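Each chain, letter by letter, is given below.
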Amino acid sequence: MTTTETGATPLIDVRMIAPFERHQRIFDMLGALGHGASLIIVNDHDPRPLRAQIEMRHPGEYSWEYLQQGPDLWRVEIGRPHTSDCGCGGH
Ligand SMILES: [Zn+2]
């Protein structure tokens, strides 16, 4: 059994991360994300390239939902739902 996360959803303000380490930092956090959990990415432009990278590395593993789409700020909630074969028993 897993419990629903009741605390604040982790937030990554991409603007505060140096460009050269942005994607690595985000992928580190995504990799640490438990099934059923999510995090929110904040950026000053559409982080669409990141979405493509996630889909390339982890096809179908993460969800992507825009909470805000500009014009000055983008917020995206990235979730990691259980899959049919994740084997963590949280179904
Ligand atoms: Zn699972």
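Quick summary incoming for the structure in this document. Fair warning: this is a prediction, and the values are worked out from it, not measured in the lab. One numbering rule holds for all chains: residues counted from 1, following each sequence as written. For this predicted model, a pLDDT threshold of at least 70 governs which residues receive local features, and a threshold of 80 or more governs which side-chain atom pairs are given and counted, while totals over whole chains, interfaces and linings are taken from all residues.

Along the chain, the regular secondary structure elements total two helices and four strands. Counting all 91 residues of the chain, 9% fall into the buried class. Contact between residues is assigned whenever the C-beta positions, reconstructed from backbone atoms, fall within 7 Å. Taking all contacts inside the chain whose residues are at least 6 apart in sequence as the whole, residues at least 24 apart take part in 66%. Counting from the N terminus, the helices are the DSSP runs of H or I reaching at least four residues and the strands are the DSSP runs of E reaching at least two. Any residue with 12 or fewer other C-beta atoms within 10 Å of its own C-beta is exposed, any with 20 or more is buried, and the rest are partly exposed; the C-beta atoms used are placed from the backbone.

Next up on the list: the environment of Pro10. Note on placement: Pro10 falls in the segment before strand S1 (11-13). Exposure remark for Pro10: the 14 C-beta atoms within 10 Å place this residue in the partly exposed category. Sequence separation between Pro10 and Leu39 is 29 residues, and the spatial gap between their C-alpha atoms is 4.9 Å. Dropping the residues within four chain positions of it, Pro10 is found in contact with Met29 and Leu39.

Bringing the environment of Phe27 into the picture now. Position of Phe27 relative to the elements: it lies in helix H1 (residues 22-32). Residue Phe27 is classed as partly exposed on the basis of its 15 C-beta neighbours within 10 Å. Once the C-alpha coordinates of Phe27 and Leu50 are considered, the two residues, 23 residues apart in sequence, prove to be 9.5 Å apart.

Okay, the sheet that holds S1 next. As a general point, the strands of a sheet are linked pairwise by backbone hydrogen bonds and lie either parallel or antiparallel. Here four strands make up an open sheet; going across it, the order is S1-S2-S4-S3 and the pairing mixed. Whereas interior strands pair on both sides, the edge strands pair on one side only; in this sheet they are S1 and strand S3 (63-69). Between one strand axis and the next, the sheet turns through 20° on average, direction left out of account. Bridge count for S1 against strand S2 (residues 37-43) is three bridges, and the pairing is parallel. When the sheet's bridge partners are listed, Leu11 is paired in S2 with Ile40. By this definition, two strands are paired if DSSP reports at least two bridges between them. Axes, fitted as lines to C-alpha atoms, cover a helix only where it is in contact. Angles between the N-to-C directions of the axes lie from 0 to 180 degrees.

Let us now look at the nonpolar core. Listed in full, the six residues of the largest apolar core are Ile26, Ile41, Leu50, Ile54, Val76 and Ile78. Secondary-structure elements contributing two or more residues to this core are helix H2 (48-57) and strand S4 (74-80). Definition of nonpolar core: a set of buried Ala, Val, Leu, Ile, Met, Phe, Trp, Tyr and Cys residues joined via C-beta atoms within 7 Å.

This part is about the pairing of S2. For a crossover, the right-handed case is the one in which the path from the first strand over the helix to the second runs clockwise, viewed with the strands pointing away from the viewer. One crossover worth recording links S1 to the parallel S2 by way of H1, and it is right-handed. By the bridge criterion, seven bridges tie S2 to S4 in an arrangement that is antiparallel. Bridge pairing links Leu39 to Ile78 in S4.

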